[in-house]
Each structure stands twice: as C-alpha cells, then as structure tokens.
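# Geometric and topological summary
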Amino acid sequence: MTEQFDFVVIGAGVSGEAAASYARARGATVALVERDLFGGTCAFWGCMPSKTLLHAAEVRAHGGEYPWERASARRDYMIVREGRDYPDDSGHIRDYKAAGIVPVRGTAKLAGSGRVVVRTDGEPRELEANDIVIAVGSIGKVPKLDGLAEAGFWTNKEGTSLRELPRSIAILGAGPSGTELAQVYARSITRGARRSSRKRSDRRASTCGRTRAPSASSRARARAVSTSWSSPMDRRSRPRSSS
Ligand SMILES: Cc1cc2nc3c(=O)[nH]c(=O)nc-3n(C[C@H](O)[C@H](O)[C@H](O)COP(=O)(O)OP(=O)(O)OC[C@H]3O[C@@H](n4cnc5c(N)ncnc54)[C@H](O)[C@@H]3O)c2cc1C
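Residues numbered from 1 in each chain as written. Predicted model: local features only at pLDDT ≥ 70, side-chain atom pairs only at ≥ 80, totals over all residues.

## Notes on the packing of helix H3 (residues 47-61) against helix H8 (residues 176-186)
Relative to each other, H3 and H8 sit at 40°, their axes nearing to 8 Å. The angle between the axes of H3 and H8 places the two elements in the oblique class. Seen from above, H3 lies across H8 with left-handed handedness. Taking contact as the criterion, the partners of Ser50, Leu53, Leu54 and Ala57 in H3 are, on H8, Glu180, Leu181, Gln183 and Val184. Counted by class, the contact of H3 with H8 contains 5 nonpolar, 2 polar and 1 charged residues. (Axes fitted to C-alpha atoms, helices over the stretch in contact; angles between N-to-C directions. Helix = DSSP H or I, 4+ residues; strand = E, 2+ residues; numbered from the N terminus. Parallel < 35°, antiparallel > 145°, perpendicular 65-115°, else oblique. Left-handed = near helix turned anticlockwise from the far one by under 90°. Contact = placed C-beta atoms within 7 Å. Nonpolar A, V, L, I, M, F, W, Y, C, P; charged D, E, K, R; others polar.)

Okay, structure coming up:
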C-alpha cells in the first residue's frame, strides 16, 4: 500500500530534521526516512562526541583531572551509548512522533516522480509525496593509499567513538575534524612518565593546525603516499578498516 505525504525527507541528520520540523510546523504531513541513526552525524559521530572529548582534553591540558575513562564515559552519555555498543536514537524518534512526523527506518531510493521506496528489515514501504527533500549528508573520503586497507584505518566515526585509546596515532588531513581529533588524542594519550599536563608547553596547544601538545607533531605541506603495519603496538588498539 502506498503511503501519502506532503513531504518525504530522506536523511535524518540535522538538515533532514530541520526540514521535517519546519514542514510539520506549517501543518504539512511528513515522513522522515533514515537508514542508520535518527539524528545523524552531528548527534552521534560529529559535533556532540568531538566537543565532549575536546572539553575533557582541554581540562587535562590546563592541568585538571579528567582521565580518559571519565571522558569516554561522558561521551557515551552524550551520544546515548551507555552500556551498549551502538548509540540509541529512540529519543529522536519519540520527539518526531510527538511532533506528528512519521519516522521510517530503512534505505530510501527514488522510484519516480514523487515516489520513494524504502528498503526496511521487513517489507519495503512505498511513499508518495508532493515534495521530496534529499538530505543524505556526506561520508568521510578514504584516500587511495598503498597499504591503507591492510593496515586498517578509522574515519571520524571510529575516531569519535573509541573507548580504548591507541598508544599512538597518525592523522591524515588537518581540516577541522583532523585538527580536533589530533588535539583530543595528543592531550589524552599518556606516554611513559608524562602524566600531568601542567607543563608550560602544554598551554601553547592551540587549534587551526597548530596542534603542539608535547606528544603531538605535525607535518605541513606533506603528502602521505603509503602506509604499513609494522609497529609492535598493542593489537587491541589497532584500528580496523572502517565499514
Ligand atoms: C568530527 C566532527 C565534528 C563536527 N563538529 C561540528 C560542530 O561543532 N559544529 C557544526 O556545526 N558542525 C560540526 N560538524 C559537521 C556536522 O556534523 C555536519 O555538518 C552535519 O552533521 C551534516 O548534517 P546533514 O544532515 O547534512 O548530514 P548527516 O548528519 O550525515 O545526515 C545524513 C543522514 O542521511 C542518511 N542517509 C544517507 N543516505 C540515505 C538513504 N538512501 N536513505 C535513508 N537515509 C540515508 C545517513 O544515514 C545520515 O544519517 C562536525 C563533523 C565532524 C565529522
């Protein structure tokens, strides 16, 4: 049976949520389709976890007590992942339903003018709408790099959701995500006797590509050309290829 709506919004990140909410607030009937987590990148793999970890790292950098375990637990609280592996998006779904938005979990595919088919765990659903909003966001670009697949890598998803710190890490790309995560790790990974961050040099750590915590080093105008896995690092903290 085909379900009729004024709007079908594909993708429930901040963009899709905003479109759905505005349309609904003006009295339109709205279906919001999401294939993964309602709430999207910002709520679960971007803004929320990264800012939470950054805050903890900053406290440490200024000499405060904010151990990684506490930072990780606080991050899990912020992304509704306490005591579970994957975040829980039921709060978002409750809010949509309260607003009169119909959440549809599954992968949407355009099936003609005004028609969307959603592949779900059960029967596919057919939706029809006067207007379709495509708000599917973006995914991290994985560079073509010899040896990268074999060595394993993280994207922002694994980078913001890790519970166990690696002993060391190389970050390719010093855009906002790379710079933020470099700060988090550099200020959280404890090497040898370095426990307190009260040293003067720590206070110089700053953003904008000038991440200079004592345990961090940066290479500007450099291009990574290959990678391999040769370190005798603790295998538990070895990154796996991102799915
Ligand atoms: C580490 C990091 C930190 C960040 N910090 C900030 C910050 O502090 N402030 C800020 O403003 N921004 C920040 N951002 C950027 C912000 O997260 C993004 O700009 C924002 O999440 C994009 O939202 P979106 O709705 O466009 O996409 P997304 O949030 O990615 O949502 C798109 C959704 O569409 C779904 N989807 C895709 N295809 C389909 C399909 N066929 N069917 C159904 N669903 C589909 C996806 O599963 C996804 O959930 C950060 C990003 C990162 C990675």
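## A few points about the site of the ligand
As a structural note, the neighbourhood of the ligand is formed by 27 residues, with Gly11, Gly13, Gly40, Gly46 and Gly137 the closest of them. Elements represented by at least two residues in the shell around the ligand include exactly helix H1 (14-25), strand S2 (30-34), helix H2 (40-44), H3, strand S4 (107-110), helix H7 (156-161) and H8. Residue classes in the shell around the ligand are distributed as 9 nonpolar, 13 polar and 5 charged. Two domains each provide a minimum of three residues to the shell around the ligand, namely domain 1 (2-39 + 89-134) and domain 2 (148-236). (Near = placed C-beta within 6 Å. Domains from an automatic or database assignment.)

## Describing H3
Here H3 is 15 residues long and its end C-alpha atoms lie 20 Å apart, about the 21 Å a rise of 1.5 Å per residue gives. Within H3 the residues assigned to the buried category are Pro49, Ser50, Thr52, Leu53, Ala56, Ala57, Arg60 and Ala61. In the core, the buried residues of H3 are packed alongside helix H4 (68-78), H7 and H8. Gly63 lies just past H3 and shows a positive phi near 95°. (Expected span 1.5 Å × (residues − 1). Buried ≥ 20, exposed ≤ 12 C-beta atoms within 10 Å, placed from the backbone.)

## Re the nonpolar core
Ranked by internal contacts, the top residues of the largest apolar core, which has 29 residues, are Val8, Val9, Val30, Leu32 and Val33. Looking at this core, the elements with two or more residues in it are strand S1 (2-10), H1, S2, H2, strand S5 (115-119) and strand S6 (125-134). With 5 residues, the top contributor of residues to this core is S1. Val9 has contacts with Gly16, Ala19, Ala20, Val30, Leu32, Val33, Val133 and Ala135, leaving out every residue within four places of it along the chain. (Core = buried A, V, L, I, M, F, W, Y, C linked by C-beta atoms within 7 Å.)

## What to know about the sheet that holds S6
Spatially, S3-S2-S1-S6-S5-S4 is the arrangement adopted by the 6 strands of the open sheet, whose pairing is mixed. For this open sheet the edge positions go to strand S3 (102-105) and S4, each flanked by a neighbour on one side alone. Strand-to-strand twist across the sheet, computed as the mean angle between neighbouring axes with direction ignored, equals 45°. Here 4 bridges tie S1 to S2, and the two strands are oriented parallel to one another. Residue pairing across strands places Val8 opposite Ala31, the latter belonging to S2. (Pairing = 2+ DSSP bridges.)

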